[in-house]
Amino acid sequence: MTIGDARRWLALYFLLTTVVVGLYLLLFAKSIALPMTREDANACFQIVIPVLVGQIAIIFQWIATANAFDPDQKLQCPVPSWAIWLPPLLAIFMIAIAAAALIVANQPKSQLSMGPESFKNAVTFAVSILNASTILLVPRLFPKKQQ
Amino acid sequence: MGKKRPQLALRTLIAVMSCQLLFAQETIPQLDPAKVIGVPFLDPAQIKLKTEAEASSEIFARMREFQGWDGYEWYQSLKKNKAVAIQYGGCTDDPFVPYLYRQNYMSPWILYWGGAWEDDSIEGARKEALSECQKSFQSGAKEECTLFLENDDPEPRTQMIKRMVEDCRQTQIKWLHEAKTAFEHSQFTLLLAQASRELKSDGKKLPFRVARRIGPSVVVGYPDSIQDYASACWDHVFYALIPVKTPQREAVRALLGRLGESSYFGQYTRTVNTTLDYRDPKKGTEPLYPGGPYQLTNQMAHFVEHGRIDSSNTPKFPQNLKDALAGEKILEVWLEGAARISKSGLPLSVEGDEAPLAIQTDKSLYLGVEVRLPPEKGGCNVSYPLKGEVLDYSICKGNATCKENAVNTVLQSASAALQASPISSNPMLDEPLGPGEVSLQRAYQPSLVLGRPFYELSTYSIHTYTASSDHPMGDAYEKTSYMGTGGRGIAADSGPLLLFMYVEHVLTCTPNKNGIYSEPEDAQVKEYDLAIQNALLGGIKNACTTLRGKMKGSVCVMQ
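Residues numbered from 1 in each chain as written. Chains lettered and ligands numbered in written order. Predicted model: local features only at pLDDT ≥ 70, side-chain atom pairs only at ≥ 80, totals over all residues.

S.K.: I would appreciate a short explanation of the overall build of chain B in the present structure.
M.R.: When its secondary structure is counted, chain B shows eleven helices and 19 strands. Looking at chain B as a whole, 40% of its 559 residues are labelled buried. Looking at chain B alone, contacts between residues at least 24 apart form 74% of all its contacts between residues at least 6 apart. (Helix = DSSP H or I, 4+ residues; strand = E, 2+ residues; numbered from the N terminus. Buried ≥ 20, exposed ≤ 12 C-beta atoms within 10 Å, placed from the backbone. Contact = placed C-beta atoms within 7 Å.)

S.K.: What is the right way to look at the overall build of chain A in this model?
M.R.: Counting its regular elements, chain A contains five helices and zero strands. Reading chain A from its N end, one meets helices and strands in the order α-α-α-α-α. Across the 147 residues in chain A, those meeting the buried criterion constitute 28%. A separation threshold of at least 6 residues defines the contact pool for chain A, and within that pool the share at least 24 residues apart is 80%.

S.K.: Please explain the interface of chain A and chain B as it appears in this structure.
M.R.: For an interface, size is often stated in terms of accessible area lost upon the parts coming together. Each side of the interface is counted separately: chain A has 13 residues, and chain B has eight residues. Residues belonging to the side of chain A that touches chain B are distributed by class as follows: seven nonpolar, five polar and one charged. (Nonpolar A, V, L, I, M, F, W, Y, C, P; charged D, E, K, R; others polar.)

S.K.: Got a minute to help me understand the nonpolar core in this structure?
M.R.: The nonpolar side chains of a soluble globular protein tend to be buried, and buried together. If you look at the biggest cluster of nonpolar residues, it comprises 89 residues, and the most contacted ones within it are B:Leu241, B:Leu357, B:Ala358, B:Leu367, B:Val410, B:Ala414 and B:Leu499. In terms of residue count, the dominant contributor to this core is strand E17 (residues 498-510) of chain B (eight residues). Setting aside chain neighbours within four positions, we find B:Leu367 in contact with B:Pro29, B:Leu190, B:Leu191, B:Leu192, B:Leu241, B:Ile242, B:Val244 and B:Ala358. Counting 31 residues, the second-largest nonpolar core is a separate cluster that includes A:Tyr13, A:Ala29, A:Ile59 and A:Val123. (Core = buried A, V, L, I, M, F, W, Y, C linked by C-beta atoms within 7 Å.)

S.K.: Explain helix H3 (residues 81-105) of chain A here, please?
M.R.: Two residues of an α-helix separated by three or four positions point the same way, owing to the 3.6 residues in each turn. Residue and element names in this part refer to chain A. Look at H3: 36 Å from first C-alpha to last across 25 residues, which is about the 36 Å you get at 1.5 Å a residue. Ile 84, Pro 87, Pro 88, Ala 91, Ile 95, Ala 98, Ala 99 and Leu 102 are the residues of H3 that are buried. Lining the buried residues of H3 we find helix H1 (3-27), helix H4 (116-132) and helix H5 (134-141). (Expected span 1.5 Å × (residues − 1).)

S.K.: Would you explain helix H6 (residues 191-201) of chain B in this entry?
M.R.: Residues and elements named next belong to chain B. Of the positions making up H6, those classed as buried are Leu 191, Leu 192, Ala 195 and Ser 196. Viewed end-on, H6 has its buried residues packed into an arc of 130 degrees, placing them on one side of the element. Set apart from the buried face of H6 by more than 90 degrees, the exposed residues are Lys 200 and Ser 201. (Arc of directions from axis to C-beta.)

S.K.: Can you walk me through the packing of helix H2 (residues 38-65) of chain A against H4(A) in this structure?
M.R.: Packed helices, taken two at a time, are described by the angle their axes make and the gap between the axes. Residue and element names in this part refer to chain A. Across the interface, H2 lies against H4 with an axial gap of 10 Å and an inter-helix angle of 0 degrees. Relative to H4, the element H2 lies roughly parallel. Note on element contacts: H4 touches H2 through Pro 116, Phe 119, Lys 120, Val 123, Thr 124, Val 127, Leu 130 and Asn 131, opposite Asp 40, Ala 43, Cys 44, Ile 47, Val 48 and Val 51. Of the residues that constitute the contact of H2 with H4, the class distribution is ten nonpolar, two polar and two charged. (Axes fitted to C-alpha atoms, helices over the stretch in contact; angles between N-to-C directions. Parallel < 35°, antiparallel > 145°, perpendicular 65-115°, else oblique.)

S.K.: Teacher, can you tell me more about unusual backbone geometry here?
M.R.: If a residue is not glycine, its phi is most likely negative; likewise, a peptide bond is most likely trans. Residues and elements named next belong to chain B. Cis rather than trans, the peptide bond between Ser 421 and Pro 422 has omega equal to 10 degrees. With respect to the helices, strands and loops of the structure, Pro 422 is situated in the loop between helix H9 (400-419) and strand E14 (426-427). Backbone torsion omega between Arg 452 and Pro 453 reads 5 degrees, so that peptide bond is classified as cis. Within the chain, Glu 118 stands out as a residue other than glycine whose phi angle is a positive 60 degrees. The residue Glu 118 is located in the loop between strand E2 (106-116) and helix H4 (122-136) in this model. Residue Glu 118 is classed as exposed on the basis of its C-beta count, with 10 C-beta atoms lying within 10 Å. For Arg 548, which is not glycine, the phi dihedral falls at a positive 55 degrees. Note that Arg 548 resides in the loop between helix H11 (522-546) and strand E18 (549-552).

S.K.: Can you help me understand the environment of B:Gly436 in this one?
M.R.: Locating B:Gly436 in the fold gives a position in the loop between E14 and strand E15 (437-446). The exposure class of B:Gly436 is buried, given the 28 C-beta atoms found within 10 Å.

S.K.: Looking at this model, I keep getting lost on the environment of B:Gly539. Mind explaining?
M.R.: As for its placement among the helices and strands, B:Gly539 is situated in helix H11. Residues B:Gly539 and B:Gln412, 127 residues apart in the sequence, show an inter-C-alpha distance of 8.6 Å.

S.K.: Which parts of the structure should I look at to understand the pairing of strand E19 (residues 555-558) of chain B?
M.R.: Looking down a regular strand, the side chains alternate between one sheet face and the other. Residue and element names in this part refer to chain B. Summarising the sheet, strand E13 (residues 389-392) and E19 pair through two bridges and their orientation is parallel. Bridging across to E19, Leu 391 finds its partner in Cys 556. As paired elements, E18 and E19 share four bridges and run antiparallel to each other. Bridging from a neighbouring strand, Lys 552 pairs with Val 555 of E19. (Pairing = 2+ DSSP bridges.)

S.K.: When you look at the environment of B:Lys550 in this model, what are you seeing that I'm missing?
M.R.: Here B:Lys550 lies in strand E18. For B:Lys550, the contacting residues outside a window of four places in its chain are B:Cys544, B:Val557 and B:Gln559.

S.K.: Would you take a moment to explain the sheet that holds E2(B) for this structure?
M.R.: Strand pairing in a sheet relies on backbone hydrogen bonds, with the paired strands running either antiparallel or parallel. Residue and element names in this part refer to chain B. Spatially, three strands are ordered E2-E1-E3 in an open sheet, and the strand pairing comes out antiparallel. Strands at the two margins of the open sheet, each flanked by one partner only, are E2 and strand E3 (145-150). Adjacent strand axes in the sheet meet at a mean angle of 40 degrees when their direction is disregarded. Direction of pairing for strand E1 (residues 83-93) relative to E2: antiparallel, over a ladder of nine bridges. In the strand pairing of E2, Ile 86 is matched with Trp 113. Lying over the sheet, helix H5 (residues 154-184) contacts E1, E2 and E3, oriented at roughly 130 degrees with respect to E3.

Don't take any of this as a statement about function, it's just geometry.
In structure tokens, the structure reads:
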């Protein structure tokens, strides 16, 4: 995996994830797709979005400035490829599973005890995984322009 | 070392608890009755003296009410040698005026009057007027008949009115003195201290917190007033305010915050006397006091509701508190209400009025004080339940079976309507209900009214009562049983026979069944209101068909 591939993958991941998760939390509260109160959905939004938007800001700052000084991006990525894509994928997978469980648990005959509080915990856990892994990699893969 | 650790932990725990206790005691200000505000009869500036014009108007109004009087102009149009004599019974208070304001409603009391006109002489007219008045005179009355009008001479009338105004002034002074003495011997309770004690001592916590949203429909008054609907006498209890000193305000607000966040607390049992044995519905048609009174026991609990106030959601304050806070802008209120709960702690119905626990204005923070005058000083006032006429069964006069059948059909039909979709509730069995009452619930089920993903926790209480007119004030005085049933009840045969009904719906909902059931939004409440109204109207129509009646608007008229 070249450093260019890693950068493209992370840039697309954070951009798409931020938009999709943000819209999901903002638009679907109190519906079958997100059966929780708007207050609970807002709480999840406030957990997830600052982290994701922070990453997008770092990535786009690099795209706007440093990209011009490294046009080929053919250098081998200094971080193993699994360490780049596995944590973000697991994080989004966790949120998706939690949302699915929330929907299933809300069926009248369901025995699952998944509720809004558990969903918030799952979201916090996913963000913690990102915090402990990918967020540390992003500044290294998208360094500030050397003065 | 190992053995000392538990002792140390215990001592620390005791120390912390002691500190908390001390802190809690310090947050509740001392109650000094001398500093209580909102008691109009203690303020001479709020006393209204009667004028001669008012006294004159009241005398003529009483004469009209008592024996028909066509007005002073009519008297003037009569031929000379005319006179009117009245029996004046002194200046008296109006027992139907709230005790707090009674000093402003002292009126000359005219017992009887008699007149004579077109007599041969004025002497003859005087004699005949006095004689006519004496004829109406009943034994035991102390006052003599006195001439009030003689031809068109204003002097007797002026003199008598002056005497009456002076009488009323003296009566006001005497009454004020009595009221102040009664106030000094009253029992004062700081509502915050009482609520705080109840919150601390409540062993079994109830899982719910349901309260009405603070708004214009909330009446600040005695929370259990509905209990006293039958007795119609309760204004010897009223609420006043006491200001909180500035250094204590933050601590008091913290305590109010804790109460506002608490679930139901302070459970108590309310016992109401009824004239009918509600345990046996067949006894519903027995005459008044067959062997009673019987007792109906309800389980009750308290809750505290906090709200910020603006022009759109100001609750209805009693006049004495409005007067006390005149010139100040009310910013926040903490109200304590009472709710009737089921055996399992589900809220069944919220009482109509809520007590003023605390009021924050732009100038000060006030705490509510319950003032309970000595019992013999109690007056009378009537609190009306929400009413809506649903059935006119006047056709059943004199036929007890027809009456019972009509009332039962409507009640069962209304209950069935609330059991059908989309309300889909189930009757609550094994609850102590009064005659003419039905309770239903839909607990932890998907809401068919709001649709997916919402779940609801609803209780419905149907109350019915009978009256012989659409203004049941007269009946209120004759009813001596609970919630208007019993007393004249369905056995009444004078005037039209009307059945009134009101339905109370307590609702919490959640978009996730594993989430917290909380207060619904206004739009959701409206959806439910519409669904309940449609369901009940359908139920009444069905009952009307069964009873072979005709719907007149939303009322079924049996034919």
